[in-house]
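One-letter residues, chain by chain:
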Amino acid sequence: MDKREFKPISVDLKKGKTYHWCQCGQSKSQPFCDGSHEGYFCEPLQVTVSEDQTKKLCTCKKTKTPPYCDGTHRNL
Ligand code: FES
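Before going into details, it helps to say that this report is about the structure given with it. Computed from a predicted model, the values in this text were never measured in an experiment.

1. Here's the deal with unusual backbone geometry
1) Next: Here the residue pair Gln30 and Pro31 is connected by a cis peptide bond, since its omega of 10° sits within 30 degrees of zero.
2) Next: The topology assignment puts Pro31 in the loop between strand 2 (18-21) and strand 3 (45-48).
3) Next: With an omega of 5°, the peptide bond running from Pro66 to Pro67 counts as cis.
4) Next: Along the polypeptide, Pro67 turns up in the segment after strand 4 (53-57).
5) Next: Of note in the backbone geometry, Lys61 takes a positive phi value of approximately 70° without being a glycine.
6) Next: Within the secondary structure, Lys61 sits in the segment after strand 4.

Listed below in structure tokens is the structure:
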């Protein structure tokens, strides 16, 4: 994927559920981990929220506020 094509993905996060946000960028199930990091020096970031909420999750993997988009993708 061309880096200019990265955009955040809006996701409904459920209270108390643990999510695994892909940090390596190899997952085919963005923005979540699908196990494709095997062989990379990378592990997914575990995320749990305290209340149901809709958030934009980063797919460019350059955000400074992982797993949430901070707008960095616009400058890639
Ligand atoms: S997708 Fe927006 S900062 Fe990564």
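2. Observations regarding the nonpolar core
Generally speaking, soluble globular proteins have nonpolar side chains that are buried together.
1) Next: By size, the foremost hydrophobic cluster in this structure holds 10 residues: Phe6, Val11, Leu13, Tyr19, Trp21, Val47, Val49, Leu57, Cys58 and Cys60.
2) Next: If you list the elements that add at least two residues to this core, you get strand 1 (9-13) and strand 2.
3) Next: Apart from the residues lying within four places of it in its own chain, the contact partners of Trp21 are Pro31, Phe32, Cys33, Pro44, Leu45, Val47, Leu57, Cys58, Lys61, Thr63, Pro66 and Pro67.

3. Overview of the environment of Cys69
1) Next: Tracing the backbone through its elements, the reader meets Cys69 in the segment after strand 4.
2) Next: Given a relative accessible area of 23%, Cys69 falls into the partly exposed group.
3) Next: When the C-alpha positions of Cys69 and Glu51 are compared, they lie 19 Å apart, and in sequence the two are 18 residues distant.
4) Next: Non-local contacts of Cys69, meaning those with residues more than four positions away in its chain, are made with Pro8, Lys56, Leu57, Cys58 and Thr63.

4. A few points about the environment of Lys28
1) Next: By the element assignment, Lys28 lies in the loop between strand 2 and strand 3.
2) Next: Counting along the chain gives 17 residues from Lys28 to Leu45, while the straight-line C-alpha distance between them is 16 Å.

5. Thoughts on the side chain of His73
1) Next: Position of His73 among the secondary structure elements: in the segment after strand 4.
2) Next: Under the relative-accessibility criterion, His73 is labelled buried at 15%.
3) Next: Ignoring sequence-local partners within four residues, the contact set of His73 consists of Phe6, Lys7, Pro8 and Cys60.

The rules behind these values
Residues numbered from 1 in each chain as written. Predicted model: local features only at pLDDT ≥ 70, side-chain atom pairs only at ≥ 80, totals over all residues. Heavy atoms only, no water. Helix = DSSP H or I, 4+ residues; strand = E, 2+ residues; numbered from the N terminus. Core = buried A, V, L, I, M, F, W, Y, C linked by side-chain atoms within 4.5 Å. Buried < 20%, exposed > 50% of the residue type's maximum accessible area, 1.4 Å probe, protein only. Contact = heavy atoms within 4.5 Å.

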